[in-house]
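Descriptive structure summary
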Amino acid sequence: MHNDNSTLRDLLRQCKTIAVVGLSAEWHRPSFFAAKYMQSHGYKIIPVNPRYAATGQQILGEKVYASLLDITQPVDMVDVFRRTEDVLPLADEAIRIGVKCLWQQLGVQNFEADQLVRLAGLASVYNRCVKIEHARLFGGLNWVGVNTGVISARRPH
Amino acid sequence: MSERQFKPETLAIHAGQIPDAATGARALPIYQTTSFVFDSAEHAASLFNLQTFGNVYSRLSNPTVAAFEERVAALEGGRAAVASASGMAAETMALMTMLQTGDHVVAAGTLYGGSVTMLAVSLAKFGIQTTFVDAARPEAFAAAMQPNTRAVFAESLGNPSLQVLDIAAVAEVAHAHGVPLVIDNTVPSPFLCNPLSLGADLVVHSATKYLAGHGTTLGGVLVESGRFPWDNGKFPGMTQPSPGYHGVKFYETFGDFAFTMRCRMESLRVFGATLSPMSAWQILQGVETLPLRMERHCSNALGVARFLQADPRVAWVNYPGLPDHPQHALLMRQMRGASGLLAFGLKGGLEAGIRFIESAQFMSHLVNIGDTRTLISHPASTTHRQLDAQQQVAAGVGPDMIRISVGLEHLDDILWDIDQALTIANRS
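Residues numbered from 1 in each chain as written. Chains lettered and ligands numbered in written order. Predicted model: local features only at pLDDT ≥ 70, side-chain atom pairs only at ≥ 80, totals over all residues.

A few words now on the overall build of chain A. Within chain A one finds six helices and five strands. When the helices and strands of chain A are read in sequence order from the N terminus, they spell out α-β-α-β-α-β-α-β-α-β-α. By the compact-globule yardstick of 15 Å for 157 residues, chain A fits well, its C-alpha radius of gyration being 15 Å. Viewed in the frame of its principal axes, chain A has a C-alpha envelope of about 50 × 35 × 25 Å. Counted over contacts in chain A with a minimum sequence separation of 6, partners at least 24 positions apart contribute 55%. (Helix = DSSP H or I, 4+ residues; strand = E, 2+ residues; numbered from the N terminus. Rg over C-alpha atoms; globule rule 2.2 N^0.38 Å. Contact = placed C-beta atoms within 7 Å.)

Quick look at the structure:
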């Protein structure tokens, strides 16, 4: 299902703590780009990646968890940088830890996971980048000539 | 709830510009500044790494120019756009971003003279070869495809041949070979034709023409559809770490606007053919009235075409807006109208044509198109002068051709000026 601008805007306003599954510590990876951008726009990032959790390495100054189920604080959104076929178990975990939204990144679209979380009353977004959508709706993306689809006579805020 | 699909008349006024965040200014502010301050060293690093969006230096991006870029992207139904200092700059950047030495282009033979020179001379210097084909036959494009072909390039409506391209058919040929179709959509403007909706992958414009519309300002723009699969193995520059921008993988990082990002960060940044904020603002003043102007350009041009067709002093008229034009049905399938551009020849041939041009009272003898003013020219001795006779014929430019870019004056007055100039041309 396609999410309209006002639904996405509300989601990005409400979900201030984001667990980023598959977050890389390498600066040039898209997951790092997105998480860094969201962090600098006031979001709390919780990295989830077993590769780094084992070594105790931090990403963006945050403790890395091996699994969503290990996280000890409330999470609003699960943002998935994994292959489409790996998303379904993450959707199940997202429901179990009580998040508001499952967000599958650009190129990730597991429709079963989408169905599952929607039936559980969660919001669901797939095949979109959380950073790009934030910049599209709250400003920034327009500076690189992207068609944001925003038509309005109100000041951005 | 689905998003409202706004119509072009609305997009032409609103897309890309909401009231200024800092001041609430309703009209577009002109950000006449070369540079933008960083909040901190960390902010600067994030901007240079493209990890956050923002302005650094106006050669790369500028808020006034960005409003123009987004507006044309919206009017074309595209994902993103990059502006440039002229239409030729947009075209050059589109091809230079996509191609490298050893690549091959299949292009319509009926291109604007400057485009022919760019392909046949300038790009050839860098080892990029072009095969020119008969744009009337999609199968001619298919026959010219080679294993190293990386782009197909054509005009939606040829200038000045007025050749109508079967965009969907040529897109199919390009896509069967895994390469993008690049369309120069200058003559119809995005109001009359949206090539991306017919299967094209990139559109370039000389914004100097109908987009700006008043003969005052040079500019160009390139729009991407966001639908071309750049990871098909033929475009390593889109998927591999960029040596031109510290290892960024553009397609992986920016997805459906990766091409314009790469064009901005690799080509615009390096070649520097940037549109100035002042020019972007002036062009946008024109864009706001594009739909209104195009309707009148089309109706005036149809009136001129009918007048010329009925005039015994005229040998031939080429205007695909005429119902008996062989490409009229194709035109109507792809476009809202045939633009203000038309071509004709006089029974008195080249000499009568020259006298006609020199006898006009308010029709201006110059080599622009898409002005409010009616413009007349003789392509064989001006815009297409650099081509040899064979190339001129391939481009659809006969020695007797007169090109008119029909303006927005009253149709009766335009017909009056044509008639009196024909009378003088015929007298001697």
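Now, onward.
So, on to the overall build of chain B. On a plain count of helices and strands, chain B comes out with 17 helices and twelve strands. A compact globule built from 428 residues would reach a C-alpha radius of gyration of about 22 Å, and chain B, at 22 Å, matches this within 12%. When the backbone C-alpha atoms are referred to their principal axes, chain B occupies close to 75 × 55 × 45 Å. Per-residue burial over chain B gives 54% buried out of 428 residues. (Buried ≥ 20, exposed ≤ 12 C-beta atoms within 10 Å, placed from the backbone.)

On to the sheet that holds strand β5 (residues 181-184) of chain B. Residues and elements named next belong to chain B. Strand order in the open sheet made by the seven strands is β1-β7-β6-β5-β4-β2-β3, with mixed pairing throughout. Strands at the two margins of the open sheet, each flanked by one partner only, are β1 (80-84) and β3 (129-133). Strand-to-strand twist across the sheet, computed as the mean angle between neighbouring axes with direction ignored, equals 20 degrees. Bridge count between strand β2 (residues 104-108) and β3: five bridges; the pairing is parallel. Residue pairing in the sheet places alanine 107 in a bridge with phenylalanine 132 of β3. Lying over the sheet, helix α3 (residues 63-75) contacts β1, β6 (202-206) and β7 (220-224), oriented at roughly 130 degrees with respect to β1. (Pairing = 2+ DSSP bridges. Axes fitted to C-alpha atoms, helices over the stretch in contact; angles between N-to-C directions.)

Another point: the sheet that holds strand β9 (residues 341-346) of chain B. All names here are of chain B. Sheet architecture is open: five strands sit in the order β8-β9-β12-β11-β10, paired in mixed fashion. Every interior strand has two partners, whereas the edge strands, β8 (314-318) and β10 (364-365), have only one. Both β9 and strand β12 (residues 402-405) contribute to a ladder of four bridges, which runs antiparallel. Residue pairing in the sheet places alanine 343 in a bridge with arginine 403 of β12.

Moving on to the pairing of strand β2 (residues 44-48) of chain A. Residues and elements named next belong to chain A. Most of β2 sits out of view: four of its five residues are buried. When strand β1 (residues 17-21) meets β2, the two strands line up parallel, connected through five bridges. Paired with alanine 19 across the bridge in β2 is isoleucine 46. Each parallel crossover has a hand, and the one from β1 via helix α2 (residues 30-40) to β2 is right-handed. (Right-handed = clockwise from strand over helix to strand, strands pointing away.)

This part takes up the interface of chain A and chain B. Contacts between the two partners involve 30 residues from chain A, matched on the other side by 39 residues from chain B. At five residues, the largest contribution of residues to the side of chain A that touches chain B is made by α2(A).

Turning our eyes to something else, we now look at the pairing of β1(A). All names here are of chain A. Burial of β1 is extensive: four of the five residues sit out of reach of the surface. Pairing geometry for β1 and strand β3 (residues 77-80), over four bridges, is parallel. Bridge pairing in β3 places valine 20 opposite aspartate 79.

Residue and element names in this part refer to chain B. Split into domains, chain B comes out as domain 1 (8-286) and domain 2 (290-427). Distance between the C-alpha centres of domain 1 and domain 2: 29 Å. Taken together, the contact pairs 34 residues of domain 1 with 36 residues of domain 2. Secondary structure elements with two or more residues in the side of domain 1 that touches domain 2: α1 (8-14), α5 (113-125) and α8 (189-192). Of the residues that constitute the side of domain 1 that touches domain 2, the class distribution is 18 nonpolar, 13 polar and three charged. (Domains from an automatic or database assignment. Nonpolar A, V, L, I, M, F, W, Y, C, P; charged D, E, K, R; others polar.)

This paragraph deals with α2(A). Within α2(A), nine of the eleven residues are buried, which leaves it mostly tucked inside the rest of the structure. Listed as buried for α2(A) are Pro30(A), Ser31(A), Phe32(A), Phe33(A), Ala34(A), Ala35(A), Lys36(A), Tyr37(A) and Met38(A). Elements in contact with the buried residues of α2(A): β1, β2 and α6 (130-138) of chain A together with α2 (41-48) and α10 (250-254) of chain B. Looking one or two residues beyond α2(A), the residue adopting positive phi is Gly42(A), at roughly 95 degrees.

Counting residues in each nonpolar core, the largest one holds 182 residues, and the members touching the most others are Val20(A), Val78(A), Val152(B), Val170(B), Leu222(B) and Leu342(B). Built from parts of two domains, this core gets at least three residues from each of domain 1 (8-286) and domain 2 (290-427) of chain B. Discounting residues that sit within four places of it in the chain, Val20(A) has contacts with Ser31(A), Ala35(A), Ile45(A), Ile46(A), Pro47(A), Val48(A), Asp79(A) and Phe81(A). (Core = buried A, V, L, I, M, F, W, Y, C linked by C-beta atoms within 7 Å.)

Now for unusual backbone geometry. Residues and elements named next belong to chain B. Cis geometry marks the peptide bond from asparagine 159 to proline 160, where omega comes out at 5 degrees. With a phi close to 65 degrees, leucine 50 is a non-glycine residue in the positive phi region. Note that leucine 50 resides in the loop between α2 and α3.

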